[in-house]
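Below, each chain spelled out in residue letters.
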Amino acid sequence: MTTKKLMRLVAMLQSSSSKKRSHSVTSSSTIPQASSSNSASTDSTNKRRRKITNFLSGKGSQVIQLGPNTDKWVVNENEITVALLKFRARAIERAQRGTLTTYQEELAINCIFVIDGLNSVYPSSELMYGFDNNTWQAMVDECNSRYPLQQLSDATEAALHKFAKAGKRKFTDCTSTANIITNEYICEALRNITRTYSPTSAKKSDANESTFSISTVHPVILPFLEETELTRRKGTDGEVYGSKRTKKNGKFSDLSVNFECGMMPSQGLLIIEIKPPHKVKNGSRPDLVKLGNEMKDALDKMVKDGIDDKEITVIGVLIEGFRCTSFVMDLMYQATYRLIPLSIFYLPRDRHDFDCLGNTFEALVTMRVSKLKSRTFLLAQV
């Protein structure tokens, strides 16, 4: 990226006045690419990411001014929004010197902050933002309370355990076991799995992105992303709603679900980024920052289209090999896009790996419930 383009990025960091909310600090389409990491972006490892250089350049940058009547995140009398924006200011200063080393810094440039109670992103967000343990735990508890995981019934858990045992010992029993589950979406996913994870199926870890998506991701996840008269599913040809176009094109996700109703502007409900195992292993650029900025773009579009409410959310799923992390992003407070990890789950590697499905379906049921809540809220605005 040229110095001229980088200077233009700094200029796009908008300041806010006394308006109710702040949005569109910058478009994700202007976020430059950084060097790759050998580990998944959500891995908690002891390996630090490579240094990110030449992220920004230019003289100075505008700061965000919080108006006296705007909504700010306050926890236990601690002004969280103010503290996070100070972290952002420091990240901008580091970027202007040519060095960013963490995902938290990259995301903070765009006012996105990872409220991570799962320790899913390395290094620790609590450590990076500098909150004391009590304050951080209160922040996490608030987010967990607002976005709880959906629990599977005991009967479903027992059936999944039986399904996993059949996968290891007698694969032909998997179909009959899947049929006893009453949740239609889980049942459909298990039927898909029995077709794509048969003893004669190809090894999935060696597949390219499209083949990996078809053979591993789609059978498990697509049943929870059903299309209706109000929701439309898009693949890699679907441009992310809200992403600003470059001279050549806009931003495209690997899989998305969008709300579409009559003449009402279309809105993004859910965004999925997929990277096959061999790309993760070979150190391909992680998609965490890309996903975060795509989710922010979708929220910004809702605000621009007049849906300026604390209830708006966007769901994101980051698939890096067989490891997946689900997120929700909201904008309850001015200039504070909270990127909240909901669950870490795994896709089966083969028929001997079905034990992971309990956590997987818990995450996917939660994802579907969150998507439906967003759809219902948007429909109420018609």
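Now for a description of the structure that goes with this document. This is a predicted model, so every value here is computed, not measured.

## Brief notes about the overall build of the protein chain
Regarding its fold elements, the protein chain presents 12 helices and 11 strands. For the protein chain, buried positions account for 57% of its 382 residues. Contacts in the protein chain between residues far apart in sequence, at least 24 positions, make up 68% of those at least 6 positions apart. Approximately 16700 Å² of the protein chain is accessible, and the part contributed by carbon and sulfur atoms is 48%.

## A word on the packing of aromatic side chains
This model, assessed by the stated rule, comprises 10 aromatic pairs. Here the aromatic rings of Trp 73 and Tyr 333 are separated by 5.8 Å at their centres, their planes lie at 5 degrees, and the arrangement is stacked. One end of the pair, Trp 73, is in the loop between β1 (52-53) and β2 (74-75); the other, Tyr 333, is in strand β10 (residues 323-333), and 260 residues separate them in sequence. The residues Trp 73 and Tyr 333 share a single accessibility class, namely buried. Through a chain of ring-to-ring contacts, three or more aromatic side chains come together here, namely Phe 87, Phe 113, Tyr 129, Phe 131 and Trp 136. One cation-aromatic arrangement involves Lys 296 over Tyr 337; the distance from NZ or CZ to the ring centre is 4.8 Å.

## A short note on the pattern of salt bridges
Across all of its chains, the model carries 14 salt bridges by this definition. Taking the shortest distance from any N to any O, the salt bridge between Arg 94 and Glu 105 comes out at 2.7 Å. Residue Arg 94 is located in helix α2 (residues 80-96), and its partner Glu 105 is located in helix α3 (residues 103-108); the two are separated by 11 residues in the primary sequence. With relative accessibility at 5%, the residue Glu 105 sits in the buried group. Its salt-bridge partner being Asp 353, residue Arg 349 comes within 3.1 Å of it at the nearest N-O pair.

## Considerations on the pairing of strand β9 (residues 313-320)
Burial runs high along β9: eight of the eight residues are buried. The side-chain alternation of β9 yields two buried faces, one formed by Thr 313, Ile 315, Val 317 and Ile 319 and the other by Val 314, Gly 316, Leu 318 and Glu 320. For strand β8 (residues 264-275) and β9, the ladder comprises six bridges, and the chain directions are parallel. For Leu 270, the partnering residue across the bridge sits in β9 and is Ile 315. The pairing of β9 with β10 spans eight bridges and is classified as antiparallel.

## Considering the sheet that holds β10
Read across the open sheet, the seven strands follow the order β5-β11-β10-β9-β8-β7-β6; overall the sheet is mixed. Both outer strands of the open sheet, β5 (112-114) and β6 (231-234), are each paired with one neighbouring strand and no more. Strand-to-strand twist in this sheet, taken as the mean axis angle between neighbours without regard to direction, amounts to 25 degrees. The sheet strands contacting α2 are β5, β10 and β11 (336-346), and the helix crosses β5 at an angle near 105 degrees. Contacting β5, β10 and β11, helix α5 (residues 133-146) runs over the sheet at an angle of about 70 degrees to β11.

## A short note on the nonpolar core
Ranked by internal contacts, the top residues of the largest apolar core, which has 98 residues, are Leu 190, Ile 319 and Phe 361. Leave out the neighbours within four places in its chain, and Leu 190 touches Leu 160, Phe 163, Ala 178, Ile 181, Leu 357 and Phe 361. By size, the runner-up hydrophobic cluster in this structure holds five residues, among which are Ile 92, Ala 95, Leu 100 and Ile 109.

## Concerning the environment of Leu 299
For Leu 299, the location among the structural elements is in helix α11 (residues 288-304). For Leu 299, a relative accessible area of 0% puts it in the buried group. It is 7.7 Å that separates the C-alpha atoms of Leu 299 and Leu 331, two residues lying 32 residues apart in sequence. In this structure, Leu 299 is in contact with Ile 312, Thr 313, Val 314, Met 329, Asp 330, Leu 331 and Tyr 337, ignoring residues within four places of it in sequence.

Analysis parameters
- Residues numbered from 1 in each chain as written.
- Predicted model: local features only at pLDDT ≥ 70, side-chain atom pairs only at ≥ 80, totals over all residues.
- Heavy atoms only, no water.
- Helix = DSSP H or I, 4+ residues; strand = E, 2+ residues; numbered from the N terminus.
- Buried < 20%, exposed > 50% of the residue type's maximum accessible area, 1.4 Å probe, protein only.
- Contact = heavy atoms within 4.5 Å.
- Areas by Shrake-Rupley, 256 points an atom, 1.4 Å probe, with all protein chains shown as cover.
- Phe/Tyr/Trp six-rings, centres within 6.5 Å; stacked < 30°, edge-to-face > 60°.
- Lys NZ or Arg CZ within 6 Å of the ring centre and 35° of its normal.
- Salt bridge = Lys/Arg side-chain N within 4 Å of Asp/Glu carboxyl O.
- Pairing = 2+ DSSP bridges.
- Axes fitted to C-alpha atoms, helices over the stretch in contact; angles between N-to-C directions.
- Core = buried A, V, L, I, M, F, W, Y, C linked by side-chain atoms within 4.5 Å.

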